[in-house]
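Residues per chain, in single letters:
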Amino acid sequence: MIDRVVIDNIIETANAQIVDVVSDFVSLRRRGSNYICCCPFHNEKTPSFNVSPARGMYKCFGCGKAGGAVNFVMEYNNMNFVEAIKYLGNKFNIEVPEQEETPEMAQIRNERESLMSVMDYARNTFQKNLWENEAEGNSALQYLRQTIHMRDDVIKKFELGYCLEGSNNFTSQALHLGYKQEYLCKSGLSNNMLEDTFHGRITIPIHNAAGKVVAFAGLSTRPSEETSTYIYTLENELYQKFRTIYGIHIAKNEMVKQERCFVVRGYIDAMLLHQIGVTNVVASDDLNLTDGQIAQIKRFTNNITIVFEGSSKNVASAFENIDATLSRGVNVKILLLPNGSSFDTFAHTYNAEAAKDFFDTEQTDYVIFKTSMLMDEVKSGSRDLSSAVSNVIASIASINDGILREIYTQECSRIMQISEQSLTDMLNSY
């Protein structure tokens, strides 16, 4: 058998690059945002076979055949599912270990399936509470509408819910329906005292790239010094924070289509941007992207724009993290919201067209942004030139591509008014 995680990884990767998959067998030509050709599954003179990179799907409007990358490989090559998975795993350099299921493997699979079942039940229950509970649910819904200014369609799109007040309403109901205490606790939905983790909180499901719920965040409508604004479920067999990035299941198709991923800090920030039409956006706590999170993004695009609210000082505080991101083979840009805006303010000031235009035109290459910002500090007397140069060299040194390093050295030499040779020497000795 092949591990389900490996299968999901291959399917997601292949669908994100479906044009590349189909192009191995037929000659495609671009038409708008899609690709077309004469259908390989029936005879025709006029192309009616469409491949959509944004949706990760193909469809023939002549014979009606449609599906994702795996379906195409199976149909075209007369392969079964396992053969197609192995073929695509080899194509995208994803190892496909196959072995007889041992009792230990069966236990792991059963545990994953049990946790997944608990997560699905929780998601459905919390959503029902939000939309159907006239007292508590309605109050939480009004908080989302009036305090956060979120539309109902966005609330539903991100599957927000509510866990009722009372220490164990959710847990006792789940136990009554036959869900095991072991998995309620392992999921982090219940604590060891069999109390509801999220009671009295708005619930935010966290999905993997395949769209499966693997964890939850709980948002307090009454944060205080004693109450955290957000709490989270535990890491488990389904959910490891370092390799999970919020919203990628919704954003991935648009990331492929626009060849870019916008990254923000907060889950609500991401939702508000989706609300005004910026839909290739995900969220990462602290904007400190891990190797696992970047690997998730790189399945769909190599271009990342990190979005900050407030002043450029917020960017400066993240320089070290961004340099680390740069070293992982992605192209990084910076976007500052205008006039120190918060995401909430921006989402209510800009309509969809203006927001998209701002996001498209106001991005700045990270290394150039950093260099210009540091030189402004040098000119104002708040930083010495030596420190600025060292900081810029650290960024350029993070880049593995030799040609890009040379381009940045030339451009930074111009901005800093330091000879290119001097920067090259410092870079070589870094």
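In what follows, the structure referred to is the one given above.
On a predicted model such as this, the values are computed, not experimentally measured, just so you know.

**Description of the packing of aromatic side chains**
Item 1. Summed over the entire model, instances satisfying the criterion amount to 26 aromatic pairs.
Item 2. Summarising the aromatic geometry, the rings of Phe49 and Phe72 are spaced 6.0 Å apart at their centres and angled 55 degrees between planes, so their arrangement reads as tilted. A residue pair is termed long-range when its members are at least 10 positions apart, and Phe49 in strand β3 (residues 49–52) and Phe72 in helix α3 (residues 69–77) qualify at 23 residues.
Item 3. Residue classification places Phe49 among the buried residues on the basis of a relative accessible area of 0%.
Item 4. For Phe72, a relative accessible area of 0% translates into the label buried.
Item 5. Seen from their ring centres, Phe158 and Tyr246 are 6.2 Å apart, and the 20 degrees between their planes marks the pair as stacked.

**Digging into the layout of surface pockets**
Take a probe with the size of a water molecule and roll it over the atoms, and the empty space left behind shows itself.
Item 1. Taken as a whole, the largest pocket holds about 580 Å³ of empty space.
Item 2. What lines the largest pocket is a set of 23 residues, and nearest its centre among them are Val5, Asn208, Arg243, Gln296 and Arg299.
Item 3. Those elements that provide at least two residues to the lining of the largest pocket are α1 (4–16), α5 (103–132) and α12 (291–298).
Item 4. Looking at the lining of the largest pocket residue by residue, the classes come out as nine nonpolar, seven polar and seven charged.

**Some thoughts on the pattern of salt bridges**
Item 1. What the rule picks out here adds up to 17 salt bridges.
Item 2. As a salt-bridge pair, Glu159 and Arg123 come within 3.0 Å of each other at their nearest N and O atoms. Here Glu159, found in the loop between α7 (152–157) and β6 (161–163), pairs with Arg123, found in helix α5; they are 36 residues apart in sequence, far enough to count as distant.
Item 3. With a shortest N-O distance of 3.0 Å, Lys356 and Asp360 are connected by a salt bridge. Taken together, the positions of Lys356 and Asp360, both in helix α16 (residues 352–361) and four residues apart, correspond to about one turn of that helix.
Item 4. Note on Lys356: relative accessible area 42%, which makes it partly exposed.
Item 5. When its relative accessible area of 40% is taken as the criterion, Asp360 is described as partly exposed.

**Quick word on the pairing of strand β2 (residues 34–37)**
Item 1. Here strand β1 (residues 29–31) pairs with β2 via three bridges, running antiparallel. What sits directly across from Arg29, in β2, is Ile36.
Item 2. Hairpin remark: β1 followed by β2, antiparallel, with two residues in the connecting loop; positive phi at Gly32, about 65 degrees.
Item 3. Pairing geometry for β2 and β3, over three bridges, is antiparallel. Among the inter-strand pairings, Ile36 is bridged to a residue of β3, identified as Asn50.

**Focus on helix α11 (residues 267–275)**
Item 1. Counting buried residues in α11 gives nine out of nine residues, a clear majority hidden from the surface.
Item 2. Burial in α11 covers these residues: Tyr267, Ile268, Asp269, Ala270, Met271, Leu272, Leu273, His274 and Gln275.
Item 3. Looking one or two residues past α11, Gly277 carries a phi angle of roughly 95 degrees, positive in sign.

**Notes on helix α17 (residues 366–380)**
Item 1. Helix length check: α17 (15 residues) gives 21 Å between terminal C-alpha atoms against 21 Å at 1.5 Å per residue, within 8%.
Item 2. Residues of α17 that are buried include every one of Tyr366, Val367, Ile368, Phe369, Lys370, Thr371, Met373, Leu374, Met375 and Glu377, and no others.
Item 3. Looking at the buried side of α17, the elements it contacts are α13 (312–316), α14 (319–326), β13 (331–336), β14 (364–365), α18 (385–397) and α19 (402–416).
Item 4. In this structure Asp365 caps α17, since a side-chain oxygen of it lies 3.1 Å from the backbone nitrogen of Val367.
Item 5. Gly381 occupies a position one or two residues after α17 and carries a positive phi of about 90 degrees.

**Points about the sheet that holds strand β9 (residues 230–232)**
Item 1. Strand order in the open sheet formed by four strands is β6-β7-β8-β9, with antiparallel pairing between adjacent strands. The open sheet terminates on both sides in strands that have one partner only, identified here as β6 and β9. Looking at each pair of strands side by side, their axes are set apart by 35 degrees on average, direction ignored.
Item 2. In this sheet, strand β8 (residues 213–220) lies alongside strand β7 (residues 201–207) in antiparallel orientation, the contact comprising seven bridges. Residue Ile202 lies in a different strand from β8, and its bridge partner there is Leu219.

**A few points about empty space enclosed by the protein**
Item 1. Summed over all chains, the structure comprises one cavity of 30 Å³ or more.
Item 2. Taken together, Gln258, Phe262, Gly277, Val278, Thr279, Asn280, Lys356, Phe359 and Asp360 form the lining of the largest cavity.
Item 3. Looking at which element gives the most residues to the lining of the largest cavity, the answer is α16, with three residues.
Item 4. Across the lining of the largest cavity, the residue classes tally to three nonpolar, four polar and two charged.

What counts, and at which threshold
Residues numbered from 1 in each chain as written. Predicted model: local features only at pLDDT ≥ 70, side-chain atom pairs only at ≥ 80, totals over all residues. Heavy atoms only, no water. Phe/Tyr/Trp six-rings, centres within 6.5 Å; stacked < 30°, edge-to-face > 60°. Helix = DSSP H or I, 4+ residues; strand = E, 2+ residues; numbered from the N terminus. Buried < 20%, exposed > 50% of the residue type's maximum accessible area, 1.4 Å probe, protein only. 1 Å grid on protein atoms, 1.4 Å probe; cavity = no way out; pocket = protein on both sides within 12 Å on 5 of 7 lines; lining within 4 Å. Points joined across faces, edges and corners; volume = space filled by probe spheres on them. Nonpolar A, V, L, I, M, F, W, Y, C, P; charged D, E, K, R; others polar. Salt bridge = Lys/Arg side-chain N within 4 Å of Asp/Glu carboxyl O. Pairing = 2+ DSSP bridges. Expected span 1.5 Å × (residues − 1). Contact = heavy atoms within 4.5 Å. Polar contact = N/O pair within 3.5 Å; in protein donor to acceptor, adjacent residues only side chain to side chain. Axes fitted to C-alpha atoms, helices over the stretch in contact; angles between N-to-C directions.

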